[in-house]
Every structure is written in C-alpha cells, then in structure tokens.
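Descriptive analysis of the structure
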Amino acid sequence: MADAAPLEPAFVGAADGMGSAYEELRPLMRDAFAASVPFVATLTDGVVDFARNAMPGMVASVERAGPVVDGMASLMADAGAGVGEFFEIVSTGSEDAGLGVEHLGQLVAGVLPEVGGVLVGLTGVWAEHGDEVADVVTRIIGVINDMSGGALPVMSSAVGVALDVLSGVLNVIEPLSGALGPLIGMWLSLATTMRGIRAVRDVVSGVATSMIQFSDTTRRAAGSGSLMQTAGRGMLGVLGGPFGVALAAATIGLALFGSASQSAEGDQRSLSSALRDSAGAFDSNARSAIMQSEQYQSIAG
C-alpha cells in the first residue's frame, strides 16, 4: 500500500470531479427518466407478446428435436475421432514444426525493426502533409454532399415514376397471373417443339440435297456407260454407312427406273410418229416401230 501512496491525491481528485459532474447531470438524467416512463409499458407489452408468440413454435421444436440431438451426438463422436487423428498425424511433424516456429521468430525479429523505420518515415510525411490531406478530403466530401443534395431529389422523382409505372403494370398482370402461367408454359413448349422441327427439317433438307446430287451423278454416269461403277463410288463416298447405302440403293433404283421410263417414252414417241405420218393407218412404218421397241424385243426373245 505504501508503494501506491503517490496515487492517493490523483484518485481523490478524480472522485471529486466525478461527483461534481454527477451533480451537474442529475437534472438531465431526471428528465430522461421521466420521459421514458410511457415506454416501459410499451416495451413490456412487446416482450410479453414476443414470448407468447414464440413459445408454441419453440415447444414444437423441442418436442421434435430428438433426431437433431441424435445427429449432434453422432457429429460430436465423429468430430472427436477426426480431431484425434488430426493431432496424431500432426504430431509426426513436430520436429519440422519446431524449426518452422523458430524461423518465424527469426522473421519477426528481422522484420519488426524495418517496419518501425517505415512507420517513422510515414509519420514524418503525415506530420508534414496531414493537414493538407485532411483539408482536401473534407472539401471532396463537401462537394459530393452538395452534388448529392441536388441529384438525389431528381433521382428520387425518377425512381418514383418508374415505381408508379411498374405498379400499374402489376395491377394489370396480377388478375391475369393464373391464366398467364399456363399460356407461358404452352408458349415455351411450342417454341421448343418448333426448334426441334427446324432441326429435323434441316437434317431432311441436307439428306434430300445429297440424294438429288447423287441422282444427278448416277444419271450422268448412266449416259456414259459406267452407271453401276460410278453409282457405287458415289453411294459410298457421298452418304456412307449402312443408312447411306440404303438411301443410295433406293436412288439407283429410281435412276434405273427413270432411264427405263425414258427408253419407253422414246419407243412411244417413235410409234406415235409412225402413226401420225401414216395418217392413223397401221402401215409398215408403224409395224417397224413396234418391232424395234425394247418391249417387243424382250418378248420376242
């Protein structure tokens, strides 16, 4: 106690100062207490209502907390096992950890003096220019405040107009929301279906184009006498695969049928020309046209 004797006058002076300040603050404190009287009942009602409204749910939660408590017990058991294994594994590196802590101490011992020198330099800069920085920052904040004071009312008006428009749109949409939901679903389904149809149409169009090109190739090959060879190369080179082979075979059949139809059409034109020249009479020219046709030649052997 003798060692603390020099502090006695200081503490006595502090107590006298606090007593004087309390006497000065008593009227203000009395007014604050008097003004808070009506709020006591209101705050009490709020606390009581909170308890009444919260307790049923809390009781139901406690009654249904069995699975949660079981899960927490399992969690703690598993966490304990994990923590034990963690420390067991960490303990195997104790020698390296000790060296790491030692190196950390060396780092602190070397860095702190340098940091102290940097702080001294920054303190000198702040002491020289700190008042200018404070003045500039204060002026910048003042300018921002003045600008915001002029801009915020305009922005508030614009936001109010936008909210009014949005409110009007919602007033129109809300009564129709029950009907708009299925319509939107149908529209999305239709859009998805149309995309699928367009994709299939593109594929079919590509296949049809390939078949037309292949048909032209086989027709040109039929005119040059190498129908089957060129058709086979086109069939395997253009379409490819089992499905392509089937399409190519069908195209070859159509080409052959077209060639035969063209030959039959030529024979019919020859017969018609012979009959027209003989004024409808079945003369030797008509008989010759029939005998030279491919159908007659195939029947006659």
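Analysis parameters
- Residues numbered from 1 in each chain as written.
- Predicted model: local features only at pLDDT ≥ 70, side-chain atom pairs only at ≥ 80, totals over all residues.
- Heavy atoms only, no water.
- Helix = DSSP H or I, 4+ residues; strand = E, 2+ residues; numbered from the N terminus.
- Buried < 20%, exposed > 50% of the residue type's maximum accessible area, 1.4 Å probe, protein only.
- Areas by Shrake-Rupley, 256 points an atom, 1.4 Å probe, with all protein chains shown as cover.
- Phe/Tyr/Trp six-rings, centres within 6.5 Å; stacked < 30°, edge-to-face > 60°.
- Axes fitted to C-alpha atoms, helices over the stretch in contact; angles between N-to-C directions.
- Parallel < 35°, antiparallel > 145°, perpendicular 65-115°, else oblique.
- Contact = heavy atoms within 4.5 Å.
- Nonpolar A, V, L, I, M, F, W, Y, C, P; charged D, E, K, R; others polar.
- Patch = residues over 30% accessible without salt bridge, like charges linked within 9 Å, V, L, I, M, F, W, Y side chains within 5 Å.
- Salt bridge = Lys/Arg side-chain N within 4 Å of Asp/Glu carboxyl O.
- Expected span 1.5 Å × (residues − 1).
- Bend = angle between axes of the 7 residues up to and from the residue.
- pLDDT = per-residue confidence, 0-100.

It is worth spelling out the overall build of the protein chain at this point. Counting secondary structure elements, the protein chain contains 9 helices and 0 strands. Mapped in sequence order, the helices and strands of the protein chain form the string α-α-α-α-α-α-α-α-α. Burial status across the protein chain gives 8% buried among its 301 residues. Split by element, the accessible area of the protein chain, about 23400 Å² in all, is 69% carbon and sulfur.

Think of a pair of aromatic rings as described by two things: how far the centres are apart, and how the planes are tilted against each other in angle. Scanning the entire structure with this criterion turns up 1 aromatic pair. With 5.3 Å between their ring centres and 75° between their planes, Phe86 and Phe87 make a pair best called edge-to-face.

Right, let's get into the packing of helix H1 (residues 8-35) against helix H2 (residues 37-63). Look at H1 against H2: their axes get within 4 Å of each other, and the N-to-C directions meet at 40°. As summarised for this structure, H1 and H2 are arranged oblique, according to the angle between their axes. On H2, the residues touching Phe33, Ala34 and Ala35 of H1 are Val37, Pro38 and Phe39. Here the residues of the contact of H1 with H2 sort into 6 nonpolar, no polar and no charged.

A contiguous nonpolar patch, built from Leu104, Leu107, Val108, Val111, Leu112, Val115, Val118, Leu119 and Leu122 and spanning about 810 Å² of accessible area, is present on the exposed surface. Inspection of the secondary structure assignment puts Val111 in helix H4 (residues 94-173).

All right, on to H2 then. When the terminal C-alpha atoms of H2 are compared, their 40 Å separation across 27 residues agrees well with the 39 Å that a helix rising 1.5 Å per residue should span. Of all the bends in H2, the largest measures some 35° and sits at Met55, one to four residues before the proline Pro56.

One pass over the structure, following the stated rule, counts 2 salt bridges. Here Glu23 and Arg26 are joined by a salt bridge, their closest N and O atoms 3.6 Å apart. Separated by 3 residues within a single helix, Glu23 and Arg26 lie in helix H1, roughly one turn from each other. On the basis of relative accessible area, Glu23 is assigned to the partly exposed category, the value being 47%.

Chain-level pLDDT for the protein chain is 76 on average; 65% of the residues reach the 70-or-more range. For the protein chain, the element scoring lowest by mean pLDDT is helix H6 (residues 227-239), at 49; H2 scores highest, at 94. Counting contacts from residues 235-241, a segment whose pLDDT is below 50, to residues more than four positions away or on other chains yields 14 contacts. Predicted confidence for residues 278-282 stays below pLDDT 50, and this span has 6 contacts to residues more than four positions away or in other chains.

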